[in-house]
Amino acid sequence: MQSTENKYAVRTLEFVERVGRLERYSSICKEIEQEILWYGLTSVSILKIPGPMSTLEESMLLNTRPSEYLDLYVKNNYVIKDPVITELSQTEKSYTWSDIRKKRALNKMQKYILDEGRDFEATDGLVIPIHNLSGEISIFSACGDNPNLSNRARSSLELIGMYSYESLKRAVIKKKKSEIVREPLTPREREVMLWVASGKTDDEIAEILNISTTTVASHVQNSKRKLNTFKRTYAVVQAIKLGEISL
Amino acid sequence: MVTIIKGKDRAEYPEFFTQLFKLRYKVFVEGRGWSLPTKHGLEIDQYDDDEAIYFLDVNEHGIIEGTVRITPTVQSSLTADYFSHLIENGQSPRSSRVYEATRYIVRPSQKSRDLNRAAKSRLLAALTQWCLENDVESIQTVIDSNTLPTFLELNPKVLPMGLSYPYGGGRNTHGGGDCMAIRWPISQEILECVRLYGDLSLLHAVDAISSENIGEMIH
């Protein structure tokens, strides 16, 4: 017979396999929402923590919180004051709203933001920070009315959060990649890329083609943009791969 | 460049192995506070036997910047010996086509996020390629649970073998934390993924695509 402890592991490992096989963004979202409901979590947001140049909406991978709540959040710029978010700078580990209430002396504004969740039928929530090697921080933040956030549930939800994030990110990137219509290189850009491929510098290419170095640099720059890269060598690799040039 | 040395050939490279065991002492015993068998400032354990395979990423000055050890699980498995409670999916921790990775270190002498990525990719690409050539089906390893996202970034097919459990006194103790067992399936496709992970030009292109357009995906 299955023990209660093992039940968490079995269903989580099954979820991980299922979500890993899904490719469509909407199917992945549905799968995540259904799974967390088992823990009493009725809303979830999965997002990259916005930097100074981006907004909360742009950074969202998935959000099922009520739109009125999100509007309020954006309007009041809670993201820089919310103790649930500011706690991220102090830890790499997952934490609950109750952990924060216990751990930190909150000011009036911070308490107000936390309490406001109650108006939307959320009494507790779990935040799972996801750090990647490029230094980005993303979070999986789910909440509900008295959800199950026991130690075992948290271990399960940590895995659910990390795999959900990865699957959503994969689906978004794939969708965007397929939507990109590539602009072809001009004959002159192709000619310049051929010389780049043979190892010539911009000065040498300018001399060979009898044009100015600035013009060569501009052709190289445009080719890199069209080939979706910042690097000279990788532009050559892409140009060959896409059939723009052959050696 | 990544050099691959078999445990049975250890005596031929004494200076490399002294450096390796000192580095492991520094990282795991001094740095992470793990309680491991040590001798004269060297960390050597029972899995450093003839069957072990060492991957050493050595720079132009002869300094080890990255390393991982793998062992055939049929003979040597830390997971089977000490962490069998981490396996909750019913799989056996020992199998002839499964190797186990331990003592994983990536420490490039010049540090930046991009160089760390490149170093990690270099070491793990060498490991994946060796496994492909030697008919290894997957690599099994015990990781700190917090690091799972970085493994998933490298290899989206990484699968957990169970949930995470505390070790060495848990999250709030020095030398402790949460750990979990994972399997890293080996295939040509995964080798490409690992190599792409270290390709910095592509990395930034993909990041630009994702952050630019995620906003449209809210439903």
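Scroll up a little and you will see the structure.
Quantities reported herein were computed from a predicted structural model and do not represent experimental measurements.

### With respect to unusual backbone geometry
Residue and element names in this part refer to chain A.
Moving on, step 1. Backbone geometry at N146 places phi at a positive 50°, although glycine is not the residue there.
Moving on, step 2. Secondary-structure assignment places N146 in the loop between β5 (137–144) and α8 (151–179).
Moving on, step 3. Phi is positive for N210, which is not a glycine, with a value near 60°.
Moving on, step 4. When you line up the elements, N210 lands in the loop between α10 (202–209) and α11 (213–226).

### Notes on the packing of aromatic side chains
Moving on, step 1. Evaluated as defined, the whole model comprises 10 aromatic pairs over all chains.
Moving on, step 2. Taking 6.5 Å as the distance between ring centres and 25° as the angle between the ring planes, the aromatic pair formed by Y13(B) and F16(B) counts as stacked.
Moving on, step 3. Owing to a relative accessible area of 30%, Y13(B) belongs among the partly exposed residues under this scheme.
Moving on, step 4. Taking the relative accessible area as the measure of exposure, F16(B) reaches 18% and is therefore buried.
Moving on, step 5. Ring geometry for F28(B) and W34(B): centres 5.0 Å apart, planes at 20°, overall stacked.
Moving on, step 6. Overall, F28(B) belongs to the buried group, its relative accessible area being 3%.
Moving on, step 7. On the basis of relative accessibility, which here comes to 24%, the residue W34(B) falls in the partly exposed class.
Moving on, step 8. Members of the aromatic cluster, joined through ring pairs, are Y8(A), W38(A) and Y39(A).
Moving on, step 9. The side chain of R103(B) reaches across the aromatic face of F28(B), ending 5.6 Å from its centre.

### As for the nonpolar core
Moving on, step 1. Counting 63 residues, the largest nonpolar core has F140(A), F55(B), L148(B) and W184(B) as its most contacted members.
Moving on, step 2. Take this core: its biggest share by element is 10 residues, from α8(A).
Moving on, step 3. What L148(B) contacts, discounting residues up to four positions off in sequence, is L159(A), M162(A), Y163(A), I143(B), V158(B), M180(B) and I182(B).
Moving on, step 4. Counting residues in hydrophobic clusters, the runner-up holds 21 residues, among them Y95(A), W97(A), L114(A) and V127(A).

Cut-off values and rules
- Position numbers for residues count from 1 along each chain, tracking the sequence in the order it is written.
- Each chain takes a letter, starting from A, and each ligand takes a number, starting from 1, following the order in which they are written.
- With pLDDT at 70 or above as the cut-off, local features in this predicted model cover only qualifying residues; side-chain atom pairs require 80 or more to be listed or tallied, and sums for whole chains, interfaces and linings still use all residues.
- The side-chain figures draw on all heavy atoms in the structure; neither hydrogens nor water molecules are used.
- Each helix corresponds to a stretch of at least 4 residues labelled H or I by DSSP, and each strand to a stretch of at least 2 residues labelled E; elements are numbered beginning at the N terminus.
- Classification of ring pairs uses Phe, Tyr and Trp, with its six-membered ring standing for Trp, and accepts pairs whose centres are within 6.5 Å; under 30 degrees between planes counts as stacked, over 60 as edge-to-face, and the remaining range as tilted.
- To sort residues, take the accessible area from a 1.4 Å probe on protein chains only and compare it with the maximum for the residue type: under 20% means buried, over 50% means exposed, and anything in between is partly exposed.
- Comment: the charge-over-ring label is applied if NZ (Lys) or CZ (Arg) is within 6 Å of the ring centre and within 35 degrees of the ring normal.
- Side-chain atoms within 4.5 Å are what join buried Ala, Val, Leu, Ile, Met, Phe, Trp, Tyr and Cys residues into a set we call a nonpolar core.
- Contact definition: two residues touch when any of their heavy atoms are within 4.5 Å.

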